[in-house]
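Spelled out from the first residue to the last, the chains are:
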Amino acid sequence: MKKLNDFIWETHGIHAGTENDHVKHGIDKLEDIVDKAIEQKHPSITFIIHSPRLTNFRYEAERDTNIKFIRGDRSYINYPKRIANLREKYKGRINIKYGVELEWMGADLGLLWSRSKIFQAEEADFVIGSVHFAPEGLPYDGSKEEALELLKLRGSLEAYWNGYINEMIEMIESFGDMIQVVGHIDLPKLNVEVPEVLQNFETSSHPLANKFRTLLEIIADRDLALDVNMAGDFKGVGVYPSQSILKRAFELQIPVSLGTDTHHVRYYGVNFKESLEYIYEAGYEQYVSFSKLIPEKRTIFDDHDLKVKYTILNKGIELLNQRFQEGSRRIIPDFSFGGSFSEFVDIYKNATGMGDYNAVRIRKANKSITVSDETPASRKTLVKGLFSKHLDQPGVLSSLFNSLASERVNVETARLHSNNDGTAVAFLTLEATNGNVENAIEFVHGTDQQTFLELSYSDHITLPNFYGNGVYLYEMDGVELKIALSEKMILTRHENSPGVLLILLSALASRNINIIDMRLGKRNKVGYSALAIDGDSNVIKGLLRRLGSQYYEANLVEFHSM
């Protein structure tokens, strides 16, 4: 076996920063833990906070305070801002993620309460759905005495577990759209025995075993991840979930996320490698983490080249997912791999090969993205086109497209490149049946002479080579674009006719947003564009929403994964 990593990209990470809660739950300072992670040279750290609970759902220690309060409400509401400040403070030094552990408290007020708390979790990277409390108001992970009281109320060990499994199913069916991960699926084993029918649930015909199999199938059908949680091992009852559960999850192709679920800085980083050994035993060679609700694939192996390939894969997944509304992002895409990525065909069930084509193709519904780290080859072909050298400023391309549109000249493809000296060059290929190109050029010369340093049109011009090292978007829905990925990008599908792209360029120019790079492509009557841009994200999103019906799709893509 290859060497395993010493680090994991946690999901159920460290509970910390609960400040002035009446009953403390993860009280270590966030900065102290970040400093420890940096000292250990970790690329990322994950914090997690519980959503506040309804007053009736309290642990024994909380009830003993004789204070009726909602634990963690102030800490919870302030958490997003504190994480944002932390990200700014440690920018460039470490990747900081945070998630919410959403408490299930029933399908009536508890569900409405949880939905309200999701809106307060701004910029959360993921949400874990967990069952801690029974409807009777007693916790599954509280004291032994509380567990025995619940066992007595329910009448038997099987009834105890049956209630828990019912609540897990109810949780997933009620707010499976709000969560990405199902938390510690066999939590009750902390305080009570696991009945024999569940120890052998894979083969047992008992109704309880069948219900547990159904629970796993529901998780698979919902495209949710399963929490592999080392806290149970730390507490002496074994990892959540047991190996038998994890192996069935692997057979169902349920992705797993990893976490230590620790509550003290002194335990941070413990059991990282053990968690990888644990999932490898069940058959897994990869797991998922999350950025802005989008899953990221992670290898369990300490293999630099493989990690680079996973980074490229994650970029593609982010690109594709940000073309969909939030509810569709959890759907697992289909993959095709070629060239140096071909080893992924053996890792991903149902993946297809692409031979020597050195790229990753990711498909979902009717949309696809193809990415690669191979620098595109420059083609020495002669084409009909317009060459421009101009000042690298917002609005310049809009001016050029405006002049072309005024003469009914439609741009077929475009390439843009910044010279990093205050100037940029662009090359536009034009459709064969164009309007008067010369009139458009003459207009530009007459009005923007100081902006356009060179502007010429030729029937026989060689495509310039604007390619350098980097990760590239090769294709969007099979349409060639070949643009280097940038921190912020706009992807569009639009009507392929004169003046349509001008709408987007004019909108960006109106808000002083500069275009760093651009590629255009087309298929029949549909045009495609990919733009690397620099500007305020909220402003850009507002502009994209107002482009009009000629734009079938217009999305801002921001990369968060590493």
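An account of the accompanying structure is given in this report. Computed from a prediction, not measured in an experiment: that's the story for all the values here.

Some details on the overall build of the protein
Within the protein, the regular secondary structure consists of 17 helices and 23 strands. On the principal axes, the C-alpha backbone points of the protein span a range of 90 × 50 × 45 Å. In the protein, buried positions account for 55% of the 562 residues. Long-range pairs, those at least 24 residues apart, make up 73% of the contacts in the protein between residues at least 6 apart in sequence. Summed over all atoms, the accessible surface of the protein reaches about 24000 Å², with 46% contributed by carbon and sulfur.

Considering the layout of surface pockets
Here the second largest pocket defines a volume of roughly 690 Å³. Looking at the second largest pocket, it is lined by 35 residues, and the ones nearest its centre are His-25, Asp-141, Lys-235, Asp-261 and His-263. If you list the elements that add at least two residues to the lining of the second largest pocket, you get α2 (60-64), β3 (95-103) and α9 (231-234). The element best represented in the lining of the second largest pocket is α2, accounting for three residues. Here the residues of the lining of the second largest pocket are counted per class, giving 11 nonpolar, 14 polar and 10 charged.

Some points on the pattern of salt bridges
Under the counting rule described, the total for this entry stands at 24 salt bridges. Linking Glu-296 and Arg-298 is a salt bridge whose minimum nitrogen-to-oxygen distance equals 3.0 Å. Looking at Arg-298, the relative accessible area reads 6%, which means it is buried. Between Arg-493 and Asp-477 there is a salt bridge whose closest N-O contact spans 3.8 Å.

Here we look at the sheet that holds strand β19 (residues 479-484)
With mixed pairing, six strands are arranged side by side in an open sheet as β11-β10-β12-β13-β18-β19. Looking at strand neighbours, the two that pair on one side only are β11 (352-353) and β19, the edges of this open sheet. Judged from the five bridges that link them, strand β12 (residues 360-364) and strand β13 (residues 367-372) form a sheet pairing that is antiparallel. Across the sheet, Ile-362 pairs through a bridge with Ile-369, a residue of β13.

About the thresholds
Residues numbered from 1 in each chain as written. Predicted model: local features only at pLDDT ≥ 70, side-chain atom pairs only at ≥ 80, totals over all residues. Heavy atoms only, no water. Helix = DSSP H or I, 4+ residues; strand = E, 2+ residues; numbered from the N terminus. Buried < 20%, exposed > 50% of the residue type's maximum accessible area, 1.4 Å probe, protein only. Contact = heavy atoms within 4.5 Å. Areas by Shrake-Rupley, 256 points an atom, 1.4 Å probe, with all protein chains shown as cover. 1 Å grid on protein atoms, 1.4 Å probe; cavity = no way out; pocket = protein on both sides within 12 Å on 5 of 7 lines; lining within 4 Å. Points joined across faces, edges and corners; volume = space filled by probe spheres on them. Nonpolar A, V, L, I, M, F, W, Y, C, P; charged D, E, K, R; others polar. Salt bridge = Lys/Arg side-chain N within 4 Å of Asp/Glu carboxyl O. Pairing = 2+ DSSP bridges.

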